[in-house]
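# Commentary on secondary and tertiary structure
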Amino acid sequence: MRAYTHEVDQREVILDMNIDYDSDVDIDADVNAAIKVGIKGLKFQGMLRVILEPLISQAPLVGGVTLFFIRRPTLEINWTGMTNLLDSPAFSSLSEDTILDIISSLMVLPNRMCIPLIDQLKVDEMRFPLPRGVVRVHVLEARDLVAKDTYMMGMVKGKSDPYVTLRVGNRHFKTKTIKENLHPKWNEVYEFVVHEAPGQELEIELFDEDRDKDDFLGKYNLDFGEVKREKEMDQWFTLERIAHGDIHLKLRWLALSTESSLLNESNAGLSCAMLAVYLDNASNLPKDQKELTVHHKHGKHGKEARLTKKNVGPNSYVEFTLDKDVQKSKVAYMSKNPVWEQGFNFFVQNVKTQQLILQVKDQEKKSVLGSLSIPLHRLFTISSMCLDQNFLLERSGPTSMIKLKVTLRILTEEQPPPKIPVSSPSNSKQQKQQVKAGGNAAAATAAGATAAAAPAAAATTTTTTAAATPVPSSGAPAASSPGLPGVPLDGTNKAATPQPRRNSFLASETSKASNLNMRRYDSHSLLSENSIASSRFDLTDGASFPQAIRDHQGSFGEINLTVRYATMRNKLMVLVHACRNLFPCSESGTDSYVRIYLLPDNSWRHRKKTHVKKKTVKPVFEEKFEFDVPLEDAQTRQLDVSVKNNKMFRKRERTDIGMLMLDLSQIDLVKGASDWYGAKFISFCCSPVASTEKHTVLSYNVVSIAKFILKLKLGG
């Protein structure tokens, strides 16, 4: 279970519950003496979201409860008896998909189960609130896909015929198929209504089209909360559960507005607005077309009609049409006053010319029991862009009415948040000069203090690798120098690492290490430049990263953390939620865990670590750690977080996948902060730290020891 405290209204509580039901149930039923059916195994998995709103000051403290599955759950059933046929491949998907379709029609977004607890709540607003926004997805291309087509008994490798499926809740789309291509280009656009962000995901799967069964080419899930935060994303995503392959997507978050001046109609077929329709109920519907004709021709009174034939209502449903988009409601059985209580969403390309056409139909004969037409321009001219009323049906009974709530919203593009500048090769020289200048000053100060004990230290100089300055989530610049992350502006250089003097043992080791073929990458990584030696470096001689990591170029992943201070308990709380897009240390994924120090406490006794999550590049930990520190003390600390591989490639190799240093002075700990930490805050290292840096850190420690010895000799 997870409770959300950010990006939610103050008068609501949002809970996500991971339901995993796996049981050897024993259900038997006798259809007759010869036919027996039953179930002996049932497995059900899904993410259930519970919204408690509004919070009130009197019992029951909550005005209503809303339940729904964010995405379509999974179901596995082990049948017995005659229904054992449903376990066969030809029928199992049919039976389980049918059951899931029923569940989806009730409890998968946009459908919700609502329980009002007070009379003042409007049921329609609970069951069908306006969406959070719209996401426009451009499926551009893919690269380096796996070849699934083979010839001559698998001896000759062919290519693949790839296509993409996109699913958000019950909305499902499929791209065209590109024949015999491992680098296909689709350039197709799809639009999805988003009801919950974060929460709802875009589920992408790639398949190789075949005559019998399509082969799996990989998948990727993207939380819309990330798109909402970034506003616009244009990047390659690495496919999962497959050896290799990437897909190129462009995503855009579109907000909903009532400002008519923001209307921007496109000639490219893209939507400019969204129409939300809440279908409530109808009243006084005719039983069928025959009754409607009798009323029109002979004008029978209601009493006479009841005497001639038993008055039974129709089995009716409503069909909505907006150009080519046709959506149908559920069937309300045997009622002249049917109640549907359903919501529908439509995308609008032209507000001035399009209109919503509604028809109430009989389920059996498909005859029209009433109709209604609403021009969208009528909504556009209203300040609220909303109509909530009873509408008189046309081609129906004289008092036949239908109750609707129709809402129009303009799709608007919001500006993305400012990007954090990343150091480029053009200005790296300038940064290095700044670092060197600051380092020389610090080294000279240290040399003066240790002249009696270590005279050779006066010649010590400092060289460090320039890196981009981390920026906290609040947008305020960190209190560090431009060229050297983590160095406070008060002049106390905690991260300075003086280079060993020439002709020393450490200098000779450094010169050897500099000849190694080590490369550094400073973007999309979990490694922080100012991490402490005991946790950042493997101090065993010769320790290095595996060759696979040294050869890797690109992202090593991100980590999702929540940091806040519990003032009632006087504890610093660190919640490790999950990681994503971690470097796969094997074909089956990575056996990863997270290690945490609250600096300067970096001993084994103060170490915190999560459990190991095996064979995954998207581990979910959901573990909480507490540190007993006062608030004033916590605000001066730094959090050293490391993601490690539990299974080394071979002995004497480093286990670090990536690290980050989080400056708690830049976070409002009482309010708390929860975010994915990656390129915004962290400088990534996709290859091993050069041995030069390891020894310069040791050299700096030697200088510190010399200071200590000198103080002892001088009597304090």
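Now for a look at the structure at hand. In this text, all values refer to a predicted model and were calculated from it rather than measured experimentally. (Residues numbered from 1 in each chain as written. Predicted model: local features only at pLDDT ≥ 70, side-chain atom pairs only at ≥ 80, totals over all residues. Heavy atoms only, no water.)

Before going further, it helps to spend a moment on the sheet that holds strand 15 (residues 215–223). Strands sit in the order 12-11-14-15 across an open sheet of 4 strands; the sheet is antiparallel. Unpaired on one side and paired on the other, strand 12 (171–174) and strand 15 mark the two borders of the sheet. Neighbour to neighbour, the strand axes of the sheet diverge by 15 degrees on average, direction disregarded. Judged from the 8 bridges that link them, strand 14 (residues 201–208) and strand 15 form a sheet pairing that is antiparallel. Across the sheet, residue aspartate 208 finds its bridge partner in strand 15, namely aspartate 215. (Pairing = 2+ DSSP bridges. Helix = DSSP H or I, 4+ residues; strand = E, 2+ residues; numbered from the N terminus. Axes fitted to C-alpha atoms, helices over the stretch in contact; angles between N-to-C directions.)

Next up on the list: the environment of methionine 401. If you trace the backbone, methionine 401 turns up in strand 25 (residues 401–413). Accessibility expressed as a relative area gives 28% for methionine 401, which makes it partly exposed. Put simply, methionine 401 and phenylalanine 391 are 10 residues apart on the chain and 5.5 Å apart in space, counted from C-alpha to C-alpha. Those residues in contact with methionine 401, other than ones at most four positions away along the chain, are Ala282, Ser283, Asn390, Phe391, Leu392 and Leu393. (Buried < 20%, exposed > 50% of the residue type's maximum accessible area, 1.4 Å probe, protein only. Contact = heavy atoms within 4.5 Å.)

Time to look at the packing of aromatic side chains. Within the structure shown, the criterion is met by 9 aromatic pairs. Centroid distance tyrosine 163 to phenylalanine 207: 5.8 Å. Interplanar angle 25 degrees. Geometry classified as stacked. Of this pair, tyrosine 163 sits in strand 11 (residues 162–168) while phenylalanine 207 sits in strand 14; the two residues are 44 residues apart in sequence, bridging distant segments of the chain. By relative accessible area, tyrosine 163 is classed as buried at 6%. Judged by its relative accessible area of 17%, phenylalanine 207 is buried. Note on phenylalanine 320 and phenylalanine 344: the rings are 5.0 Å apart at their centroids and 45 degrees apart in plane angle, and the pair reads as tilted. On the criterion of sequence distance, the pair formed by phenylalanine 320 in strand 19 (residues 316–322) and phenylalanine 344 in strand 21 (residues 339–348) is long-range, its members being 24 residues apart. Note on phenylalanine 320: relative accessible area 0%, which makes it buried. By relative accessible area, which is 5% here, phenylalanine 344 ends up buried. Through successive ring pairs, a cluster of aromatic residues spans Tyr163, Phe207 and Phe216. The lysine or arginine in question, arginine 112, covers the ring of phenylalanine 68, its NZ or CZ lying 4.7 Å from the ring centre. (Phe/Tyr/Trp six-rings, centres within 6.5 Å; stacked < 30°, edge-to-face > 60°. Lys NZ or Arg CZ within 6 Å of the ring centre and 35° of its normal.)

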